[in-house]
Amino acid sequence: MRLVQFKDTAGAQHVAIVEDADTLLALTGVSSTRELAAIAIKDGTTMIAAAKARLGQDRISYDDVVRSGRLLAPITHADPAHFLVTGTGLTHLGSASARANMHTSDTKAADETDSMKMFRMGVEGGKPKAGETGVQPEWFYKGDGSIVARPGADMPSPSFALDGSEEPEIAAIYVIDGDGTPVRIGFALGNEFSDHVTERQNYLYLAHSKLRACSMGPELLLGDLPSHVEGTSRLYRDGKVIWEKPFVSGEDNMSHTLANLEYHHFKYDLFCRPGDVHAHFFGTATLSFADGIKTQDGDEFEIEAAPFGRALRNRLKTQAERKVVVKTI
């Protein structure tokens, strides 16, 4: 089952099941996937069962919702500060080469970079045996819920950015229950948009390069993630495809298990605050930047994979410069 969030023409928010490529079935009694998750947790049931129990009769045109700009990200929070967006890298088989090349100096071979070392650590210890703790992955913070661009919206890039490029990934979505336990409610396609030029200058700039917008959706896939996911990432310019490449994800194509990545995120009490929402990106091995593509204003990113329904699309938009003023009182 896949869910979407959308607004009606009066501005009220709703949740719907994706019946088929053209039709949404609105749920009754809930206005957000977070609210539906709270009900499922309280009732001790699954998201799928909770959605089926609230299935209404209204059928809505998916295309109409998209064309009118009323489609929302598949997870939201009324207070964006309680929606944490994070991720991990060097998790996919084949992901090390592009990263290692970015971080290679004239005096350091590619196989000696910190990126390659961390990748090898993941290959050797990212899929631990039952009852064991695996090696921790690279981890980064992207921001809070305010950085999440809805499907179809502009992907804002700050005026000071040196690059703004896509990263086609899968994001897992979690809510923290009243006991402080993380509860995974589903998965979504994601564009973990980043500044790779800034990162390439110095690996210690990785934190800066990740403080950018991102997008997820449009659909929330309920249940388990397939162990093998195939998708396609495209870049459009003036309506024409200028770059296209397949990507794979799922545990069959990763050097870490999802459970290991989840453990090393939620082992911190900071991330187990009741009521919070988390979106955690699982990494990628496919980047247009690694193929020498330089994006520009107006370029459109498109990411699709069959298990996730409709493609995720966003258009690059550079923001106006904002003067930084710090007051003293």
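Scroll up for the structure.
Cut-offs applied
Residues numbered from 1 in each chain as written. Predicted model: local features only at pLDDT ≥ 70, side-chain atom pairs only at ≥ 80, totals over all residues. Heavy atoms only, no water. Helix = DSSP H or I, 4+ residues; strand = E, 2+ residues; numbered from the N terminus. Rg over C-alpha atoms; globule rule 2.2 N^0.38 Å. Buried < 20%, exposed > 50% of the residue type's maximum accessible area, 1.4 Å probe, protein only. Contact = heavy atoms within 4.5 Å. Areas by Shrake-Rupley, 256 points an atom, 1.4 Å probe, with all protein chains shown as cover. Lys, Arg positive; Asp, Glu negative; His and termini not counted. Charge placed at Lys NZ, Arg CZ, Asp CG, Glu CD. Pairing = 2+ DSSP bridges. Polar contact = N/O pair within 3.5 Å; in protein donor to acceptor, adjacent residues only side chain to side chain. Core = buried A, V, L, I, M, F, W, Y, C linked by side-chain atoms within 4.5 Å. Axes fitted to C-alpha atoms, helices over the stretch in contact; angles between N-to-C directions. Patch = residues over 30% accessible without salt bridge, like charges linked within 9 Å, V, L, I, M, F, W, Y side chains within 5 Å. Salt bridge = Lys/Arg side-chain N within 4 Å of Asp/Glu carboxyl O.

## Considerations on the overall build of the chain
From N to C terminus, the chain includes 8 helices and 17 strands. By the compact-globule yardstick of 20 Å for 329 residues, the chain fits well, its C-alpha radius of gyration being 20 Å. Here the chain holds 329 residues, and 51% of them are scored as buried. Within the chain, counting contacts between residues at least 6 apart in sequence, those at least 24 apart form 73% of the total. A total of about 15300 Å² of accessible surface is found on the chain, and carbon and sulfur atoms cover 50% of it. Put simply, the chain has 35 plus and 45 minus side-chain charges, and the middle of one group is 3 Å from the middle of the other.

## Overview of the pairing of strand S3 (residues 23–27)
A regular strand carries its side chains on alternate faces of the sheet. By the criterion of burial, S3 is predominantly enclosed, with 5 of the 5 residues buried. Of the two faces of S3, both are covered, the one formed by Thr23, Leu25 and Leu27 as well as the one formed by Leu24 and Ala26. One ladder, built from 3 bridges, connects strand S2 (residues 13–18) with S3; its direction is antiparallel. Paired with Val18 across the bridge in S3 is Leu24. Counting the residues that bridge the hairpin from S2 to S3 gives 4 residues.

## A short note on the environment of Ser215
Looking at where Ser215 falls in the secondary structure, it is placed in strand S11 (residues 214–216). In this view, Ser215 contacts Ala149, Met155, Leu189, Gly190, Asn191, Phe281, Leu312 and Asn314; residues no more than four positions away in its chain are not counted. Within polar-contact distance, the side chain of Ser215 engages the side chain of Asn314 at 2.8 Å.

## Focus: the environment of Leu225
Mapping Leu225 onto the fold places it in the loop between strand S12 (220–221) and strand S13 (229–237). Accessibility expressed as a relative area gives 14% for Leu225, which makes it buried. For the pair formed by Leu225 and Glu251, sequence separation is 26 residues and the distance between their alpha carbons is 8.7 Å. Contacts of Leu225, omitting those with residues within four sequence positions, involve Ile170, Phe187, Gly250, Leu258 and Phe308.

## With respect to unusual backbone geometry
Glycine aside, residues mostly have negative phi angles, and peptide bonds mostly take the trans form. A cis amide bond links Gly217 with the next residue in sequence, Pro218, at an omega value of 5°. Looking at the secondary structure, you find Pro218 in the loop between S11 and S12. Positive phi, close to 60°, is recorded for Leu90, a residue that is not glycine. Counting through the fold element by element, Leu90 comes out in the loop between strand S5 (83–87) and helix H4 (96–102). Judged by its relative accessible area of 3%, Leu90 is buried.

## Examining the nonpolar core
One finds Leu3, Leu36, Met47, Phe83, Val148, Ile185 and Met216 to be the most contacted residues of the largest nonpolar core, which totals 31 residues. It is helix H1 (residues 33–43) that provides the largest number of residues to this core, a total of 4 residues. The contact partners of Met47, leaving out residues within four places of it in the chain, are Leu3, Thr33, Leu36, Ala37, Ala40, Ile185, Leu220 and Leu222.

## Thoughts on the sheet that holds strand S14 (residues 240–249)
As summarised here, the arrangement of the 5 strands in space is S8-S17-S16-S13-S14, forming an open sheet in which the pairing is mixed. Because the sheet does not close on itself, it has two edges, and the strands there are strand S8 (154–157) and S14. Each neighbouring strand pair of the sheet contributes to a mean axis angle of 25°, computed without reference to strand direction. Here S8 runs beside strand S17 (residues 312–318); their pairing, made up of 4 bridges, is parallel.

## Details of a nonpolar patch on the surface
A grouping of Trp139, Tyr141 and Leu211 is seen on the molecular surface, where their side chains present a nonpolar patch of about 290 Å² in accessible area. For Leu211, the location among the structural elements is in the loop between helix H7 (206–210) and S11. Note on Leu211: relative accessible area 45%, which makes it partly exposed.

## Some thoughts on the pattern of salt bridges
Close approach of charged atoms allows side chains of opposite charge to pair. What the rule picks out here adds up to 17 salt bridges. Among the salt bridges present, the one from Glu19 reaches Arg59, with a minimum N-O distance of 2.7 Å. Here the residue Glu19 occupies a position in the loop between S2 and S3, and Arg59 occupies one in strand S4 (residues 55–61), the gap between them amounting to 40 residues. With its nearest N and O atoms 2.8 Å apart, the salt bridge here joins Arg237 to Asp299. Taken together, the residues span a long stretch of sequence, with Arg237 in strand S13 and Asp299 in the loop between strand S15 (277–281) and strand S16 (300–305) at a distance of 62 residues. Judged by relative accessible area, which is 1%, Asp299 ranks as buried.

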